[in-house]
Amino acid sequence: MTLPIGMAIIGLVICAVFAFTAIRELRRDQPGHARNAAMIHIAMVSMFVPFCIYVLIAWAP
């Protein structure tokens, strides 16, 4: 496995963890810093996942 593929896989796993915790926080529906951070995390995940998938496709053997 090459380094870019490994990093893309690790990035997808980290995105899954961040998305899971952010969605859990957004379902609580309480205003405050945690909700704002969860909304930012969802936005970051939505931008980072396509990049990880692109790297997986581009570097596939």
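All figures in this text were calculated on a predicted structure; none of them were measured in a lab.

Caption draft 1: Main features of the environment of Ile-53. With respect to the helices and strands, the residue Ile-53 is situated in helix H2 (residues 33-58). For Ile-53, a relative accessible area of 38% corresponds to the partly exposed category.

Caption draft 2: Structural view of unusual backbone geometry. Within the chain, Asp-29 stands out as a residue other than glycine whose phi angle is a positive 55 degrees. Tracing the sequence through the fold places Asp-29 in the loop between helix H1 (3-28) and H2. Taking the relative accessible area as the measure of exposure, Asp-29 reaches 54% and is therefore exposed.

Caption draft 3: Up close: a nonpolar patch on the surface. Among the surface-exposed residues, Leu-3, Met-7, Ile-10, Ile-14 and Phe-18 lie close enough to one another that they form a single nonpolar patch of about 490 Å² accessible area. Here Leu-3 is to be found in helix H1.

Caption draft 4: Expanded view of the packing of H1 against H2. With their axes 8 Å apart at the nearest point, H1 and H2 run at an angle of 155 degrees to one another. Relative to H2, the element H1 is oriented roughly antiparallel. Two packed elements cross with a definite hand, and for H1 against H2 that hand is left-handed. Class assignment of the residues belonging to the contact of H1 with H2 gives a composition of 21 nonpolar, two polar and two charged.

Caption draft 5: Here's a closer look at the pattern of salt bridges. Per the stated rule, a full pass over the model turns up two salt bridges. In this structure, Asp-29 engages Arg-35 in a salt bridge whose closest nitrogen and oxygen atoms are separated by 3.7 Å. Overall, Arg-35 belongs to the partly exposed group, its relative accessible area being 26%.

About the thresholds
- Residues numbered from 1 in each chain as written.
- Predicted model: local features only at pLDDT ≥ 70, side-chain atom pairs only at ≥ 80, totals over all residues.
- Heavy atoms only, no water.
- Helix = DSSP H or I, 4+ residues; strand = E, 2+ residues; numbered from the N terminus.
- Buried < 20%, exposed > 50% of the residue type's maximum accessible area, 1.4 Å probe, protein only.
- Patch = residues over 30% accessible without salt bridge, like charges linked within 9 Å, V, L, I, M, F, W, Y side chains within 5 Å.
- Areas by Shrake-Rupley, 256 points an atom, 1.4 Å probe, with all protein chains shown as cover.
- Salt bridge = Lys/Arg side-chain N within 4 Å of Asp/Glu carboxyl O.
- Axes fitted to C-alpha atoms, helices over the stretch in contact; angles between N-to-C directions.
- Parallel < 35°, antiparallel > 145°, perpendicular 65-115°, else oblique.
- Left-handed = near helix turned anticlockwise from the far one by under 90°.
- Nonpolar A, V, L, I, M, F, W, Y, C, P; charged D, E, K, R; others polar.

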